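An overview of the molecular structure
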Amino acid sequence: MKFGAKLINTENIEQFTEIVSTVNKLCSKGSGGKTCIIKLNHDSMCFVLPEFASNHMLFYNSGQVSFWMRIDALLLFDFYIFEGKSIEKSSVMIEILPENLLHVLKSTPNVKNLKLKLANKQTVCLSIEIEYCGISLKSKSRTITHDIPVKIISSSFLAMKDFQEPNLKDTALSIQMPGLKTLKHMIERMKAMGDHITIEATKNGDLTIRIQTECVSVSSYFKNLPVQVKKNELCSYSMRLSIRRMNDFINSIQVKPDKIICNFINNKYAHFLVIQNGNLVLHYLISSILD
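Residues numbered from 1 in each chain as written. Predicted model: local features only at pLDDT ≥ 70, side-chain atom pairs only at ≥ 80, totals over all residues. Heavy atoms only, no water.

**Some details on the overall build of the chain**
Applied cut-off: By definition, any uninterrupted DSSP run of H or I lasting at least four residues is a helix, any uninterrupted run of E lasting at least two residues is a strand, and each is numbered from the N terminus. Throughout this description, buried means an accessible area under 20% of the type-specific maximum (1.4 Å probe, protein chains only), exposed means over 50%, and partly exposed covers the range between. The contact criterion used is simple: two residues touch if any of their non-hydrogen atoms lie within 4.5 Å. Surface exposure here means Shrake-Rupley accessible area, sampled with a 1.4 Å probe, where a residue is shielded only by the protein chains that are shown.
Scanning the chain from terminus to terminus reveals six helices and 19 strands. Relative to its full complement of 291 residues, the chain shows a buried share of 49%. For the chain, restricting intrachain contacts to residue pairs at least 6 apart in sequence, the fraction spanning at least 24 positions comes to 67%. By element, 48% of the accessible surface of the chain is carried by carbon and sulfur atoms, the whole surface being about 14,800 Å².

So this is what it looks like as structure tokens:
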């Protein structure tokens, strides 16, 4: 097994830091612990919650959340190589604390480039080599190496199946959400009024986000949003969600998305897609609140 990656472009280094920051916030707000799984393939790097199972998630608990993020490694990294143990074992999964990875990425200013590789130093670790410049222009560049302990996860068929990309075949309707700043402002104001919000979308591209309690009812309306109807069974679809979970999700996004799409999955859970530059896709799932 062989893995190595390198970032030279400053914008790509900043984007990778934003990605790890997003993953760290999502893990800290999740229903499980603060660890995540990194799944390495020959052309991608995926971040997944440990308890995630893509095609058979059991949303028996109202407000349960999970996420799955894919990075196109060949587009983000200036150099990327991964070789599995065999053709059958063409990927590897490691468990890591994203907080530790984020700390390393933010620990050094004026980064010229950084390298990542898996290494065995008494224990398996993700080794990160950072080359950086001194404060003065005459200072020579220096290199520092950080080793973050990781755990190799079993590559059994069940484990690999559980960490596949979420299946969208049961989507009834997909609608593009308003901009991130608009969502943050709206959810921030609504969370002080109650515990749940209702998101309703029509096949005409109309979106309503509403909070209703015994004392107050507030709704925000958006018209003519991009929409895709997968199942033409109903004129509209709605979902009742935990506003705390929705707020956690919105405020965890540290990347600059091109768009956020909400998929309605048979009124069981909302499936949000965050897309950036064609090289990042974040799936975030929030189960519905049962009446």
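**Details of the sheet that holds strand 10 (residues 151–153)**
Put simply, the test is: Here a strand pair is declared whenever DSSP counts at least two bridges between the two strands. In this analysis an axis means a line fitted to C-alpha atoms, helices contributing only their contacting stretch, and an angle means the value between N-to-C directions, from 0 to 180 degrees.
In spatial order, the strands read 10-6-2-3-4-19-18-17-11-15; together these ten strands make up an open sheet with antiparallel pairing. Of all the strands in the sheet, just strand 10 and strand 15 (227–229) have a single pairing partner and so form its edges. With strand direction ignored, the average angle separating the axes of adjacent strands in the sheet is 20 degrees. Seen against the sheet, helix 1 (residues 10–28) touches strand 2 (36–40), strand 3 (44–48), strand 4 (65–72), strand 18 (269–276) and strand 19 (280–287) and runs at an angle of roughly 165 degrees to strand 4.

**Remarks on empty space enclosed by the protein**
Rules: With a 1 Å grid spanning the protein atoms alone, the term cavity applies to any set of points in which a 1.4 Å probe fits but cannot get out, the term pocket to an open set with protein on both sides within 12 Å along at least five of seven lines, and the term lining residue to any residue with an atom within 4 Å of a point. Grid points are joined across faces, edges and corners, and a volume is the space filled by probe spheres set on the points. Side-chain classes are defined by residue name, with Ala, Val, Leu, Ile, Met, Phe, Trp, Tyr, Cys and Pro counting as nonpolar, Asp, Glu, Lys and Arg as charged, and the others, Gly among them, as polar.
Summed over all chains, the structure comprises one cavity of 30 Å³ or more. By volume, the largest cavity is sized at about 50 Å³. Lining of the largest cavity is provided by Phe 3, Phe 16, Ile 38, Leu 40, Met 45, Phe 47, Ile 94, Leu 101, Leu 116 and Leu 126. Broken down by secondary-structure element, the contributors of at least two residues to the lining of the largest cavity are strand 2 and strand 3. Classifying every residue of the lining of the largest cavity by side-chain character gives ten nonpolar, no polar and no charged.

**Side note on the packing of aromatic side chains**
Each pair of aromatic rings is reported with the distance of its centres and the angle of its planes. Where we set the bar: Each Phe, Tyr or Trp ring (for Trp, its six-membered ring) is paired with any other whose centre lies within 6.5 Å, and the angle between the two planes then decides the class: stacked below 30 degrees, edge-to-face above 60, tilted in between.
Under the counting rule described, the total for this entry stands at five aromatic pairs. Geometrically, the ring pair formed by Phe 249 and Phe 272 is tilted, given 5.1 Å between the ring centres and 35 degrees between the ring planes. A residue pair is termed long-range when its members are at least 10 positions apart, and Phe 249 in helix 6 (residues 243–252) and Phe 272 in strand 18 qualify at 23 residues. Judged by its relative accessible area of 0%, Phe 249 is buried.

**A look at the packing of helix 5 (residues 180–190) against helix 6**
Note the threshold: Helix crossings fall into two classes, left-handed where the near helix is turned counterclockwise from the far one by less than a right angle and right-handed where it is turned clockwise.
The contact between helix 5 and helix 6 brings their axes to 10 Å, and the two run at 145 degrees. Between helix 5 and helix 6 lies a crossing whose hand is left-handed. Only Ile 243, Met 246, Asn 247, Ile 250 and Asn 251 of helix 6 make contact with helix 5, whose side of the interface consists of Leu 180, Leu 183, Lys 184, Ile 187, Glu 188 and Met 190. Within the contact of helix 5 with helix 6, the residues separate by chemical class into seven nonpolar, two polar and two charged.

**Considering the environment of Leu 207**
Examined against the element boundaries, Leu 207 turns out to sit in strand 13 (residues 207–212). For the pair formed by Leu 207 and Ser 238, sequence separation is 31 residues and the distance between their alpha carbons is 9.6 Å. Each residue touching Leu 207, except ones within four places of it in the same chain, is listed here: Ile 175, Met 177, Pro 178, Ile 199, Glu 200, Ala 201, Ser 220, Tyr 221, Phe 222 and Leu 225.

**Some remarks on helix 6**
The line we're drawing: Two N or O atoms form a polar contact when they lie within 3.5 Å of each other; inside protein one atom must be a possible hydrogen donor and the other a possible acceptor, and for residues adjacent in sequence the pair counts only when both atoms belong to side chains.
For helix 6, the tally of buried residues reaches eight of ten residues, placing the bulk of the element in the interior. Regarding helix 6, its N-cap is Ser 242, as a side-chain oxygen of that residue lies 3.4 Å from the backbone nitrogen of Arg 244 further along.

**What about the environment of Met 69?**
Of note, Met 69 is situated in strand 4. Spatially, the C-alpha atom of Met 69 lies 8.4 Å from that of Glu 165, the residues being 96 residues apart in sequence. Setting aside residues up to four positions removed in sequence, Met 69 forms contacts with Ile 19, Thr 22, Val 23, Met 45, Cys 46, Phe 47, Leu 280, Val 281 and Leu 282.

**Observations regarding the pattern of salt bridges**
Cut-off, in case you're wondering: Basic side-chain nitrogens of Lys or Arg form a salt bridge, by our definition, when they fall within 4 Å of a carboxyl oxygen of Asp or Glu.
In the structure shown here, the tally under the stated rule is eight salt bridges. One salt bridge in this structure joins Lys 256 and Glu 18, with 2.5 Å as the shortest N-O distance. Pair noted here: Lys 256 is in the loop between helix 6 and strand 17 (259–265) and Glu 18 is in helix 1, with a separation of 238 residues, a long-range link. Using a relative accessible area of 19% as the deciding quantity, one classes Glu 18 as buried. Its salt-bridge partner being Glu 188, residue Lys 191 comes within 3.6 Å of it at the nearest N-O pair. Residue classification places Lys 191 among the partly exposed residues on the basis of a relative accessible area of 37%. Judged by its relative accessible area of 40%, Glu 188 is partly exposed.

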